Amino acid sequence: MTRIEWTEGGEQRSALWRSESGWPAPKKVVIADDTMAADTAYRLALDGTALLWRGDFQNARQLVQALARRIDHKGSRAKRAKAGKAPATPTEQFHRHRLAQLQRARTLAMLLIPFDAGYGIPLRRAPEVQEACLEAWGPSTEPSVASLRELLGLIGAHEWRRKGVPIPALDDRIHPWYGVFSPVRGEYVELVAQAPLPPHAKLAFDIGAGTGVLSSVLARRGLPRVVATDMDERALGCARENVERLGLSKQVEIVKADLFPEGQADVVVCNPPWLPGKPSSAIEYAIYDPDSRMLRGFLGGLKAHLAPSGEGWLIISDLAEHLGLRTREQLLGWIAAAGLAVAGRHDVRPTHTKAFDAEDPLHAARSAEVTSLWRLRVA
């Protein structure tokens, strides 16, 4: 594993470096504590200098908030400076927004927290985080360092996993693991719960199972057998745990496979990442699909895996179309080229808060977004 190195008290030190985002260990590291001013910390973080915290843990959290306010204030000034210029296209707005998000995340990640070999945090007023760290990172045998921002993400994910996400279609909860996309946007789950099943359907494939929520919905709808696939080990473990918790293990089989399992099914459902683009962290693989690989792979292989009279259910938002990242003609072209025909489409408007937030940089696209379940058959 990668290590981070720094000088402290005149001695050279090192520890394991943990970064779920895949960022390299910072080359420049200084020791920081409660005496460091927020403006100083901000200048160092912008310069790419990491701050290894040795002060009070709660003060470190307050410092992250202070850094975020300075970043947002700088972004507001830049936005006002561009107010007189020609308005950007939706695609330009999207790429600027992503770049700003990445820069913001990188700056905030410069505040680092030390861990001992058992994931204890040797700082005043530090919380107990051993369980959250074990869930995300697995067992540890030596000291390590990670960003406070990443640690806060681990703590939040641990709470989601403990409490679960309510799923009305299941009349129950799904418990997402750290790094597995949470089904918080319930409209696509409802589409799968309500779309008419092909007559006499007995077997379904769930491609890219994630938490296992769609497999569970199909099983609860009465399908005798569902085979769910994924390539991510966390997703596989998460799906198995949820299926078992819901008492559906006899109906749902979780297998490791790149897209399709062997054979043909009456229903083949896929909810690929909705935006073509390059992920900047592991969790973003649930949002961004490089070169539309998963979408095109699903469409290209669907015909061979559909039973006679079977249907493929593609669940996808048209946000990419509103952002100029993909056209409807492209999507329809890929469907036709795969030897498929559209048997029907079920649409729903998103209900998440960003769709109604006029201050969101992508509000125009989000407010027009529609999520659809495309019912595809062999042409």
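Residues numbered from 1 in each chain as written. Predicted model: local features only at pLDDT ≥ 70, side-chain atom pairs only at ≥ 80, totals over all residues. Heavy atoms only, no water.

Visitor: I'm lost on the overall build of the protein in this one. Help?
Guide: The secondary structure content of the protein amounts to 12 helices and 17 strands. Judged by the C-alpha coordinates and their principal axes, the protein covers about 75 × 55 × 30 Å. Within the protein, buried positions represent 49% of all 379 residues. Put simply, of all contacts in the protein between residues at least 6 apart along the chain, 67% involve residues at least 24 apart. Accessible area of the protein: about 18300 Å², with a carbon and sulfur share of 52%. With 49 positive and 44 negative side-chain charges, the protein shows a spacing of 4 Å between the two charge centroids. (Helix = DSSP H or I, 4+ residues; strand = E, 2+ residues; numbered from the N terminus. Buried < 20%, exposed > 50% of the residue type's maximum accessible area, 1.4 Å probe, protein only. Contact = heavy atoms within 4.5 Å. Areas by Shrake-Rupley, 256 points an atom, 1.4 Å probe, with all protein chains shown as cover. Lys, Arg positive; Asp, Glu negative; His and termini not counted. Charge placed at Lys NZ, Arg CZ, Asp CG, Glu CD.)

Visitor: Please clarify how the environment of P290 should be interpreted in this entry.
Guide: Structurally, the position occupied by P290 is in the loop between β14 (288–289) and α9 (293–302). Note on P290: relative accessible area 33%, which makes it partly exposed. As a C-alpha pair, P290 and P276 span 14 residues in sequence and 5.5 Å in three-dimensional space.

Visitor: Explain the UniProt feature "domain: Methyltransferase small" (unreviewed entry) in the protein here, please?
Guide: Mapped onto this structure's residue numbering, the UniProt feature "domain: Methyltransferase small" (unreviewed entry) falls at residues 200–279. Summarising residues 200–279: 26% helix, 30% strand, and an end-to-end C-alpha distance of 40 Å. (UniProt positions renumbered as here; feature names shortened; annotations may be inferred.)

Visitor: Help me out: how do you make sense of empty space enclosed by the protein in this one?
Guide: To locate leftover empty space, one rolls a probe as large as a water molecule over the atoms. The tally for this structure, following the rule as stated, stands at one cavity of 30 Å³ or more. Of the voids in this model, the largest cavity is the one considered here, and its volume is about 40 Å³. If you go around the largest cavity, the residues you meet are I316, S317, D318, E321, R328, L331, V370, S372 and W374. At the level of elements, β15 (306–317), α11 (328–337) and β17 (371–378) are the ones that each hand at least two residues to the lining of the largest cavity. (1 Å grid on protein atoms, 1.4 Å probe; cavity = no way out; pocket = protein on both sides within 12 Å on 5 of 7 lines; lining within 4 Å. Points joined across faces, edges and corners; volume = space filled by probe spheres on them.)

Visitor: Is there a simple way to think about the pairing of strand β9 (residues 203–207) in this case?
Guide: The two faces of a sheet get side chains in turn, since along a regular strand they alternate between them. Counting buried positions along β9 gives five out of five residues, so the element sits mostly inside the fold. Here β9 shows two buried faces, one formed by L203, F205 and I207 and the other by A204 and D206. Both β9 and strand β10 (residues 225–230) contribute to a ladder of five bridges, which runs parallel. Across the sheet, A204 pairs through a bridge with V226, a residue of β10. Crossover connection from β9 via helix α7 (residues 213–220) to parallel β10: handedness right-handed. Taken together, the four bridges between β9 and strand β12 (residues 265–270) define a ladder with parallel strand orientation. Directly across from D206, in β12, lies its bridge partner V269. (Pairing = 2+ DSSP bridges. Right-handed = clockwise from strand over helix to strand, strands pointing away.)

Visitor: Help me understand the packing of aromatic side chains, please; the structure alone is not making it clear to me.
Guide: Two aromatic rings, taken as a pair, are described by how far apart their centres are and by the angle between their planes. Here the structure, examined in full by the defined rule, presents six aromatic pairs. Taken together, a centroid distance of 5.6 Å and an interplanar angle of 90° make the contact between F115 and W137 edge-to-face. Remark: W137 occurs in helix α4 (residues 130–137) and F115 occurs in strand β5 (residues 111–115); sequence separation between them is 22 residues. For the pair shown, F115 and W137 are each scored as buried. Aromatic pair Y119 and W137: ring centres 5.8 Å apart, planes at 45°, arrangement tilted. Placement of the pair is Y119 in the loop between β5 and α4 and W137 in helix α4, with a sequence separation of 18 residues. Across the pair, W137 and Y119 agree in class, each one buried. Joined through ring pairs, the aromatic side chains of F115, Y119 and W137 make up one cluster. Here the guanidinium or amino end of R98 rests over the ring plane of Y288, the centre of that ring lying 3.7 Å away. One residue, R345, lies across the ring of W374, its end atom 5.1 Å from the ring centre. (Phe/Tyr/Trp six-rings, centres within 6.5 Å; stacked < 30°, edge-to-face > 60°. Lys NZ or Arg CZ within 6 Å of the ring centre and 35° of its normal.)

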